Amino acid sequence: MKRHLISAADLTRDDAVLILDTAEELARVADRTIRKLPTLRGRTVVNLFFEDSTRTRISFEAAAKRLSADVINFSAKGSSVSKGESLKDTALTLEAMGADAVVIRHHDSGAPHRLATSGWIGGSVVNAGDGTHEHPTQALLDAFTLRRRLVGGADGGVGRDLAGRRVTIVGDILHSRVARSGVHLLTTLGAEVTLVAPPTLVPIGAGRWPCEVSYDLDAVLPKSDAVMMLRVQRERMQAAFFPTEREYARRYGLDGRRMARMPDHAVVMHPGPMNRGMEITAEVADSDRCTAVEQVANGVSIRMAVLYLLLSGAESAVGTPAPTPTRSEETE
Amino acid sequence: MSTDTHLIRGARILGGEPADVRIADGTVAEIGTGLTPDGAEVIEADGQILLPGLVDLHTHLREPGREDSETVLTGTRAAAAGGYTAVHAMANTFPVADTAGVVEQVWRLGKESGYCDVQPVGAVTIGLEGKQLAELGAMHDSAASVRVFSDDGKCVDDAVIMRRALEYVKAFDGVVAQHAQEPRLTEGAQMNEGVVSAELGLGGWPAVAEEAIIARDVLLAAHVDSRLHICHLSTAGSVEIVRWAKSKGWNVTAEVTPHHLLLTDELVRSYDPVYKVNPPLRTEADVMALREALADGTIDCVATDHAPHPHEDKDCEWGAAAMGMLGLETALSVVQHTMVDTGLLDWAGVADRMSFRPAAIGRLAGHGRPVSVGEPANLTLVDPSYRGAVDSARFASRSRNTPYQGRELPGRVTHTFLRGRATVMDGKLV
C-alpha cells in the first residue's frame, strides 16, 4: 500500500516491527566477509541532498550499495539547484533519469511530502530529514537500537515492540525532526515518551502530543529506560532560547553525576553529531551506556530494510513479507 | 445610449420583495412593479438579489511591476466578475505606490480598464520600509485623491511612525490601514502557531503577534483621535480588542477576508502552498469568532486581500512559496456560504459589509450607496440558488492560486453594472 516513507506517523505498529525485523535480518549481512546482497541490482537510488549531511548521506549510500543498487548522489551545492532550479525541475530531471527511489534531505518542512504527492516523480520517496518536521529513518534506527538493548535476547527482539519501555528525549524539541519522528514511532511501538527541555524549546501545541512534557531532567532520569540527548545548536542562544551555554549544560546537559541517577540498565542515546560539553559530557559520551556509535551501524541496517521493503516487493510496499521467513512468531 | 438602458425585472433589492429597476443615464432611474421596457434591454432577475456594487478595501492588482501575476485590466475584470464596482489597489507594487506619480499611474490604468473603479492606496512609509513617512499629502492632493494609506504586506511596527501617520492623515480625513504583524514575533513564520504547526514543523505565526499590534494601535488612534483601520483581522483575540475599542467609542474599523471566514490551518497538513497566506489560516475557533464579529458589526467589512501569484510561486515546496490567495471572484460565494446560508447575515447585511461600510471607510464617492432612485447605478445581481464547483480555468484573473478549486460554493454574480454600464451580463464579462 505505501510507496513512500515520509512520516513516522504513517507507520502502523506492524509496519514498524516489520522494518525492524527486516533490518535485523539484513544486519547479519554486515557480519559476512562479502557484505553485499544482489537484491536491488539494476535499481537506481538517488540521494537528493539540499542540506549538507554527510553522515546521513553515506549511511543511505552504504545501505543502497550493500543491496547492489546503483547510487547517484545529487547535492544541491555546486549543482543547478544553487542556481535557482526549482525542486520541481530537479524532480523531473531525476524522473527522466529513471530514479526508482529518491532519498531526500531538505531544509524546508514538507518538501518530501510535496515531492511524493505532487505527481512530479513516479518512484518512491524516502524522507531523510525535512526542516524541523521529521526524520523517520532516524526514529527507526533509534527504535532498533532500543529494541536490541532493552528487549534484546539473542535474536535482537525480533517480532516484538517496545511496550512499556520509558524513553526520555532531551533538548531542542522545537527545532528537532528527530524528536517529532521519535514521538510518533516510539509511541506507536508502545513506548512511553517524555520530552524534557527548557519551555522555550518546547513547541506551542506539543501538549497535544501523545507524550509527557517535563522541564526537570533530574526528576525524569530515575524513571527512564533510555535517555536520548538531542544536539543543541549554540546559535539558539542568540535567539534567546536560553541564556548561556553553561546554563543550558547545567540544567539540561547529561554528565556523569546525572547519568548515575538513571537505572543500571538504562542507556544513553545520541543521534549525532554530538556537542561534547553542551548537551553531553565526554564522560557520558564515551561510556559503555552510550549507544551513539551503535546507532550509526544500526542506521545502515535500517536504511537497507527501508529501501528493500519499498523497492523489492511485488508491490514495492512496506508491508510485503521479509526476505527469509526465519522470524519468530509475532506474539503481540 | 440605448444599450445602457436596462430594465431589471423581479429583482429582490437587498433581499426584499421583488421589484423592477430601470437603469438609465448611469443612474437608478425608476423602481416599481410592472414597469414597461420602453426600449430598455430587459433582464429577467426572477427573484435574484440586487445589491449595491461591491467595494473591496484590499486588492492587490500587482501593476506596476508584477504584470506576470495580474494587471489593472485583468484584476478589474476579475473584480467585475465577482460583483465589484470599486477596488482599493494596495501599494506594494514595484515601484511602491509611495508617490503621487505612482498612485496617479494606477488610478489612470483603472480609468482605462473600464471594468471597475480603482482607488489607489498610498504607502504609509517610503518603500514600505517603516522608516520615513511617504508624501501622504501629495498622494491625497493628486488626481488619485488617496485617502487610505497602508504598508500592507508589512506592518508599520515603529510606534512613533505609526503615531505620526495616524495624526498626519487627519488633515485630509485619511485613514491608516494597518497590516498588524509584530515582525520579531513572526520571524520565519510559515503558518498559524498551534497544534498543527507543532506537528508539521513549520515556523509559527502566533495570534499574539497580530493582537499586540492591534492593541497598541487602537490605543494610539484613541490618543491622537484619528481613524485606524485593521486589515485582514484573523484571530478571536483581535476581535475582542476591536470590540473593546469600539465600546470606548474610538474610531477603529476592521476587515476580514473571505478565506479567514471559511478555511483553517488543518488544510496546511497537505503542505500545498495554495493554503499559504498572510496572516495565516487560523483555527476553527477563530473562524467562528470572525463570523460572529462580522455578523454583529464588530468587524465592519469583508475585504478580499486578493493576492495573485504566478503558478511557479505556488508549484513548489511550502517554504519557498509566496503568501497569498485569490479572492475577488469567489468572495461573494464564500460570504453567502459562511454568513447568509448559516443565518448569520441577511442580504441587507451583505450589502452593508461588502459595499456600504467599505465605501464609507474609504470615503469613496458614488459607491456604497442605497439602491434608490437617483443614485449611481453601481449594482450587482446575484443568483443565490446557484450551486457549482469553483473552476479557476474560468477566472478572469491572470493567476490561478485559489484555495477553492473544485470546492462547491453557492451563489453566482450574473450581472454587474458600473454607472449603468453592464460589465457582466448573464455571468459573462462584457
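Residues numbered from 1 in each chain as written. Chains lettered and ligands numbered in written order. Predicted model: local features only at pLDDT ≥ 70, side-chain atom pairs only at ≥ 80, totals over all residues. Heavy atoms only, no water.

Caption draft 1: Structural detail: the overall build of chain B. Within chain B, the regular secondary structure consists of ten helices and 19 strands. Taking 2.2 N^0.38 as the reference for a compact globule, 430 residues should give roughly 22 Å; the C-alpha atoms of chain B span a radius of gyration of 21 Å, in line with that estimate. Every one of the 430 residues in chain B was classed for burial, and the buried ones make up 63%. Of the contacts formed within chain B by residues at least 6 apart in sequence, a portion of 74% connects residues at least 24 apart. Of the roughly 14800 Å² that chain B leaves accessible, carbon and sulfur atoms contribute 50%. Side chains of chain B carry 38 positive and 59 negative charges; the gap between the two charge centres is 2 Å. (Helix = DSSP H or I, 4+ residues; strand = E, 2+ residues; numbered from the N terminus. Rg over C-alpha atoms; globule rule 2.2 N^0.38 Å. Buried < 20%, exposed > 50% of the residue type's maximum accessible area, 1.4 Å probe, protein only. Contact = heavy atoms within 4.5 Å. Areas by Shrake-Rupley, 256 points an atom, 1.4 Å probe, with all protein chains shown as cover. Lys, Arg positive; Asp, Glu negative; His and termini not counted. Charge placed at Lys NZ, Arg CZ, Asp CG, Glu CD.)

Caption draft 2: Focus on the pattern of salt bridges. Tallying each qualifying case throughout the model produces 42 salt bridges over all chains. When the shortest N-O distance is used, the salt bridge between Asp 100 of chain A and Arg 43 of chain A registers 3.7 Å. In this pair, Asp 100 of chain A is assigned in the loop between helix H3 (87-96) and strand E3 (101-106) and Arg 43 of chain A in the loop between helix H1 (13-27) and strand E1 (44-49), connecting sequence segments 57 residues apart. With a relative accessible area of 23%, Asp 100 of chain A lands in the partly exposed category. The partner of Asp 313 of chain B in a salt bridge is Arg 66 of chain B, with the nearest N and O atoms 3.7 Å apart. (Salt bridge = Lys/Arg side-chain N within 4 Å of Asp/Glu carboxyl O.)

Caption draft 3: Highlighting the domain arrangement of chain A. Residues and elements named next belong to chain A. Domain annotation of chain A identifies domain 1 (8-134 + 297-311) and domain 2 (136-294). Taking only C-alpha atoms, the centre of domain 1 and the centre of domain 2 are 25 Å apart. With 32 residues of domain 1 at the interface, the matching set in domain 2 holds 31 residues. Both sides of the domain 1 and domain 2 interface together cover about 2600 Å² of buried area, and 59% of this is carbon and sulfur. When residues of domain 1 are sorted by the area they lose upon contact with domain 2, Leu 20, Glu 24 and Asn 298 head the list and together hold 25% of the total. Remark: the boundary between domain 1 and domain 2 carries four salt bridges. Residues Glu 51 and Arg 177 are paired through a salt bridge, measuring 3.1 Å at the closest nitrogen-oxygen approach. If you list the elements that add at least two residues to the side of domain 1 that touches domain 2, you get H1, helix H2 (54-66), E3, strand E4 (124-130) and helix H11 (292-311). For the side of domain 1 that touches domain 2, the leading source of residues is H1, giving nine residues. (Domains from an automatic or database assignment. Buried area = accessible area lost by both parts, 1.4 Å probe.)

Caption draft 4: How the structure looks around the domain arrangement of chain B. Residue and element names in this part refer to chain B. For chain B, the domain assignment lists domain 1 (2-49 + 374-429) and domain 2 (68-361). Across the contact, 34 residues belong to domain 1 and 44 residues belong to domain 2. Overall, the association of domain 1 and domain 2 removes approximately 3000 Å² of surface from exposure, summing both partners, and the carbon and sulfur fraction of that is 62%. For domain 1, the biggest contributors to the area lost against domain 2 are Arg 398, Asn 401 and Tyr 404; these three give 22% of the whole. Where domain 1 meets domain 2, there are two salt bridges. On inspection of domain 1 and its partner domain 2, the count reaches 18 residue pairs in polar contact (both at pLDDT 80 or more). Listed by contribution, the elements that provide at least two residues to the side of domain 1 that touches domain 2 are strand E16 (379-389), strand E17 (408-418) and strand E18 (421-425). Counting residues per element, the side of domain 1 that touches domain 2 draws most heavily on E17, which supplies seven residues. (Polar contact = N/O pair within 3.5 Å; in protein donor to acceptor, adjacent residues only side chain to side chain.)

Caption draft 5: Up close: the packing of aromatic side chains. The full count for this structure, using the stated rule, is five aromatic pairs over all chains. Ring centres of Tyr 168 of chain B and Phe 172 of chain B lie 6.2 Å apart, and the angle between their planes is 80 degrees; on these two criteria the pair is classed as edge-to-face. Owing to a relative accessible area of 46%, Tyr 168 of chain B belongs among the partly exposed residues under this scheme. Assessed through its relative accessible area of 13%, Phe 172 of chain B is described here as buried. Ring centres 5.2 Å apart and planes at 85 degrees place the aromatic pair Trp 244 of chain B and Trp 250 of chain B in the edge-to-face group. Three or more aromatic residues joined by ring pairs form one cluster here, namely Phe 242, Tyr 248 and Tyr 252 of chain A. (Phe/Tyr/Trp six-rings, centres within 6.5 Å; stacked < 30°, edge-to-face > 60°.)

Caption draft 6: Representation of the pairing of strand E6 (residues 54-59) of chain B in the model. All names here are of chain B. The buried fraction of E6 is high, at six of six residues. Sheet analysis places E6 next to strand E7 (residues 84-89), joined by four bridges and oriented parallel. The residue bridging Leu 54 from the neighbouring strand is Tyr 84, located in E7. (Pairing = 2+ DSSP bridges.)

Caption draft 7: Broad picture of the packing of H1 of chain A against helix H5 (residues 136-151) of chain A. Residue and element names in this part refer to chain A. Two elements in contact, H1 and H5, have axes whose closest approach is 10 Å; the angle formed by their N-to-C orientations is 70 degrees. It follows that H1 is roughly perpendicular to H5 by the angle criterion. Residues Val 17, Ile 19, Leu 20, Asp 21, Ala 23, Glu 24 and Ala 27 of H1 form the contact with H5, whose own contacting residues are Leu 140, Ala 143, Phe 144, Arg 147 and Arg 148. Classifying every residue of the contact of H1 with H5 gives eight nonpolar, no polar and four charged. (Axes fitted to C-alpha atoms, helices over the stretch in contact; angles between N-to-C directions. Parallel < 35°, antiparallel > 145°, perpendicular 65-115°, else oblique. Nonpolar A, V, L, I, M, F, W, Y, C, P; charged D, E, K, R; others polar.)

Caption draft 8: Spatial organisation of the environment of Phe 395 of chain B. Residue and element names in this part refer to chain B. Position of Phe 395 relative to the elements: it lies in the loop between E16 and E17. Given the relative accessible area of 13%, Phe 395 is considered buried. The spatial distance from the C-alpha of Phe 395 to the C-alpha of Gly 82 is 9.7 Å, given a sequence separation of 313 residues. Those residues in contact with Phe 395 that lie beyond four places of it in its chain are Leu 326, Glu 329, Thr 330, Val 390, Arg 400 and Thr 402.

Caption draft 9: Spatial organisation of the packing of helix H7 (residues 236-247) of chain B against helix H8 (residues 284-296) of chain B. All names here are of chain B. As a packed pair, H7 and H8 sit with axes 8 Å apart at the nearest point and diverge in direction by 30 degrees. Of the possible angle classes, the one that applies to H7 and H8 is roughly parallel. Contacts between H7 and H8 involve Ala 236, Val 239 and Arg 243 from the first element and Asp 286, Ala 289, Leu 290, Glu 292, Ala 293 and Asp 296 from the second. Its residues assigned to classes, the contact of H7 with H8 comprises five nonpolar, no polar and four charged.

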